[in-house]
Amino acid sequence: MKNIILGITGSIAAYKAADIANELTKAGCSVHVIMTKAAQQFISPLTFQTLTRNNVYTDMFEPYNVTEVEHISLSEKADLFLVAPADANFLAKAATGIADDMLTTSFLAYRDKPVLIAPAMNTNMYENPVTQRNIGVLRQLGFDFIEPRSAMLACGTVGKGALAETDVIVREALQAVST
């Protein structure tokens, strides 16, 4: 069974991560969800706990398993680190090595295995030179991206920034763990 960390950040697209988690679980993967505080404003950890039948990690200092340092043990056991949706905040932290929550510390502890990042945000945020620089830095470091779609966004504008379709993300994730 392949172990996948699914990082969920504070994008309105966080609700779509439930379908991603469900499809990966149905495909036989063990999905371990890490949610930022902002993600929890959009969808409940209980949703992911129910779909994956695993703990959902929201707090770096919560003792989920007193015999392990969770952000290290999760990262060591995982075969894939998938962040979907990845907001601009996560991209900035990841590109600069900031580790101030469960998701970013786990991300930094995860090495030498596949990483997929699926951005989702407002078009202006996505196309901002700072965000594009952060994506460029992460690409240069060897991380793979699943491009956002152009669509009607939650803010009412049309443009690039919508989370890639669930089937695309799931297909890419399953391909990443099958090699």
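Remember, predicted model here, so these are calculated numbers, not experimental data.

J.: What is the right way to look at the sheet that holds strand E6 (residues 144–145) in this model?
T.: Across a sheet, paired strands are connected by hydrogen bonds in the backbone, their directions being either parallel or antiparallel. An order of E3-E2-E1-E4-E5-E6 is seen for the 6 strands of this open sheet, with the pairing classed as parallel. Both outer strands of the open sheet, strand E3 (56–57) and E6, are each paired with one neighbouring strand and no more. Where strand E5 (residues 115–119) meets E6, 2 bridges bridge the pair, whose relative direction is parallel. Looking across to E6, one finds that Leu116 is bridged to Asp144. Taken strand by strand, helix H2 (residues 45–52) contacts strand E1 (3–8), strand E2 (30–35) and E3, and its axis lies near 170 degrees from that of E2.

J.: Explanation requested: the packing of helix H1 (residues 17–26) against H2 in the structure shown.
T.: How two helices sit against one another is set out by the angle between their axes and by the gap between those axes. Two numbers describe how H1 lies on H2: the axes approach to 9 Å, and their chain directions differ by 15 degrees. Judged by the angle between their axes, H1 and H2 are roughly parallel. Pair H1 / H2 crosses with right-handed handedness. Within the contact between the two elements, H1 uses Ala17, Ala18, Ala21, Asn22 and Thr25 and H2 uses Thr47, Phe48, Leu51 and Thr52. Taken together, the residues that form the contact of H1 with H2 break down as 5 nonpolar, 4 polar and no charged.

J.: Hey, could you run me through the nonpolar core in this one?
T.: The nonpolar side chains of soluble globular proteins are, as a tendency, buried together. If you look at the biggest cluster of nonpolar residues, it comprises 32 residues, and the most contacted ones within it are Leu6, Ile8, Ile20, Leu24, Phe48, Leu82 and Ile169. Sorting the residues of this core by element identifies E1, H1, E2, strand E4 (80–86), E5 and helix H8 (166–178) as the ones contributing at least two each. If we skip the residues at most four places from it in the chain, Leu82 touches Ile4, Ile5, Leu6, Gly7, Ile20, Leu24, Leu116, Ile169 and Ala173. If you look at the next biggest cluster of nonpolar residues, it comprises 25 residues, including Ile34, Ala86, Leu103 and Phe143.

About the criteria used
- Residues numbered from 1 in each chain as written.
- Predicted model: local features only at pLDDT ≥ 70, side-chain atom pairs only at ≥ 80, totals over all residues.
- Heavy atoms only, no water.
- Pairing = 2+ DSSP bridges.
- Helix = DSSP H or I, 4+ residues; strand = E, 2+ residues; numbered from the N terminus.
- Contact = heavy atoms within 4.5 Å.
- Axes fitted to C-alpha atoms, helices over the stretch in contact; angles between N-to-C directions.
- Parallel < 35°, antiparallel > 145°, perpendicular 65-115°, else oblique.
- Left-handed = near helix turned anticlockwise from the far one by under 90°.
- Nonpolar A, V, L, I, M, F, W, Y, C, P; charged D, E, K, R; others polar.
- Core = buried A, V, L, I, M, F, W, Y, C linked by side-chain atoms within 4.5 Å.
- Buried < 20%, exposed > 50% of the residue type's maximum accessible area, 1.4 Å probe, protein only.

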